[in-house]
Amino acid sequence: MSLSLYVPGRSWLHRLAPGVKLTALLLAGVGVFLVRDLRLLLGLLTASLALYALSSLGARLAWHSLRPALGLLLFFFAVQGVTAGWEAAAVTALRFGVMILLGALLTLTTRVSDVLAALERGLRPLARFGVDPDKVSLACSLTLRFIPVTLQVVADVREAQRARGQERHLIALAVPVIVRTLKMADDVADALEARGGGR
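Residues numbered from 1 in each chain as written. Predicted model: local features only at pLDDT ≥ 70, side-chain atom pairs only at ≥ 80, totals over all residues. Heavy atoms only, no water.

1. Here's the deal with the packing of aromatic side chains
With the rule as written, the count across this model stands at three aromatic pairs. Between the aromatic rings of F33 and F96, the centroid separation amounts to 5.5 Å while the plane-to-plane angle is 75°, which identifies the pairing as edge-to-face. Highlighted residues: F33 in the loop between α2 (18-32) and α3 (38-54) and F96 in helix α6 (residues 86-109), separated in sequence by 63 residues. Overall, F33 belongs to the partly exposed group, its relative accessible area being 37%. For F96, a relative accessible area of 41% corresponds to the partly exposed category. (Phe/Tyr/Trp six-rings, centres within 6.5 Å; stacked < 30°, edge-to-face > 60°. Helix = DSSP H or I, 4+ residues; strand = E, 2+ residues; numbered from the N terminus. Buried < 20%, exposed > 50% of the residue type's maximum accessible area, 1.4 Å probe, protein only.)

Spelled out as structure tokens, the structure:
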């Protein structure tokens, strides 16, 4: 599965500087997780979907971006609904839904190489405080690489559960996905350490 989700285009969002988009995504992430009002979060979700239309990507790509995470979102919604109440569960699900859409929008309108280059430039002033821009960029590139890999894991697990007649069981889907994803993360960390990446 390809790492790049970039969709070529000439929209205003495609032309916007990668650094500006990264900063906007960071600020949006902070803002979304400070919002507790359900109606405001619904408005933010609507605005996120509108950005897909304004950048000539359309509803199909918005749905394609959100669909792989729906199983996990429903799982967390159900767990939090039982433990913390259904309104709190809806708030959490909407927060993650908005951030998934906005994060996907960044990758759909920006080449991965441009994102990483902008991130490295932005982190250079922090080198004097001990931040290594190269290592952070490597970590982010691995994170981006994990997006399509994780989607493939979800698809594989869903297919296996469908063959067993368990496609409607959220726990049967979520638990293997989480276990396999954590195992992959552990393997990558071990590989980096063996190559001196953890020093």
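2. Some thoughts on the packing of α3 against α6
Put simply, α3 and α6 touch, their axes get as near as 9 Å, and they point 20° apart. If you check the angle between α3 and α6, you find them roughly parallel. Where α3 crosses over α6, the handedness of that crossing is left-handed. Between α3 and α6, the residues in contact are L38, L41, L42, L44, L45, S48, L49, L51 and Y52 and E87, A90, V91, L94, R95, G97, V98, L101, L102, A104, L105 and L108, respectively. Counted by class, the contact of α3 with α6 contains 17 nonpolar, two polar and two charged residues. (Axes fitted to C-alpha atoms, helices over the stretch in contact; angles between N-to-C directions. Parallel < 35°, antiparallel > 145°, perpendicular 65-115°, else oblique. Left-handed = near helix turned anticlockwise from the far one by under 90°. Contact = heavy atoms within 4.5 Å. Nonpolar A, V, L, I, M, F, W, Y, C, P; charged D, E, K, R; others polar.)

3. Details of α2
The terminal C-alpha atoms of α2 lie 21 Å apart, and with 15 residues this matches the ideal 21 Å at 1.5 Å per residue to within 8%. Here α2 has its buried residues at P18, K21, G29 and V32. Down the axis of α2, the smallest arc covering the buried residues is 75°, so these residues share one side. Of the exposed residues in α2, those oriented more than 90 degrees away from the buried face are L26 and L27. Considering only its buried residues, α2 is in contact with α1 (12-15), α3, α6 and α7 (112-123). (Expected span 1.5 Å × (residues − 1). Arc of directions from axis to C-beta.)

4. Describing the confidence of the model for the protein
On average, residues of the protein carry a pLDDT of 79, and 79% of them reach 70 or more. Across the protein, the element-wise mean pLDDT spans from 69 in helix α8 (residues 133-163) up to 91 in α3. (pLDDT = per-residue confidence, 0-100.)

5. Considerations on the pattern of salt bridges
According to the stated counting rule, one finds one salt bridge in the structure shown. Across the pair D37 and R39 runs a salt bridge whose closest N-O atoms are separated by 3.5 Å. You can call D37 partly exposed: its relative accessible area is 32%. (Salt bridge = Lys/Arg side-chain N within 4 Å of Asp/Glu carboxyl O.)

6. Observations concerning α6
Helix length check: α6, at 24 residues, gives a terminal C-alpha distance of 34 Å against a target of 34 Å (1.5 Å per residue), a fit within 8%. With 17 of its 24 residues buried, α6 lies for the most part within the structure.

7. Here's the deal with the UniProt feature "transmembrane region" (unreviewed entry) in the protein
As recorded in UniProt, the sites labelled "transmembrane region" (unreviewed entry) are residues 12-34 and 40-63. With 83% helix and 0% strand, the stretch residues 12-34 has end C-alpha atoms that lie 28 Å from each other. Annotation note: span residues 40-63, helix share 88%, strand share 0%, distance between end C-alpha atoms 21 Å. (UniProt positions renumbered as here; feature names shortened; annotations may be inferred.)

8. Comments concerning the nonpolar core
By size, the foremost hydrophobic cluster in this structure holds 11 residues: L13, Y52, L57, L61, A62, L66, L73, L101, A104, L105 and L108. Elements that contribute at least two residues to this core include exactly α4 (58-66) and α6. The biggest single contributor to this core is α6, with four residues. With eight residues, the next largest nonpolar core counts V35, L41, V91 and L94 among its residues. (Core = buried A, V, L, I, M, F, W, Y, C linked by side-chain atoms within 4.5 Å.)

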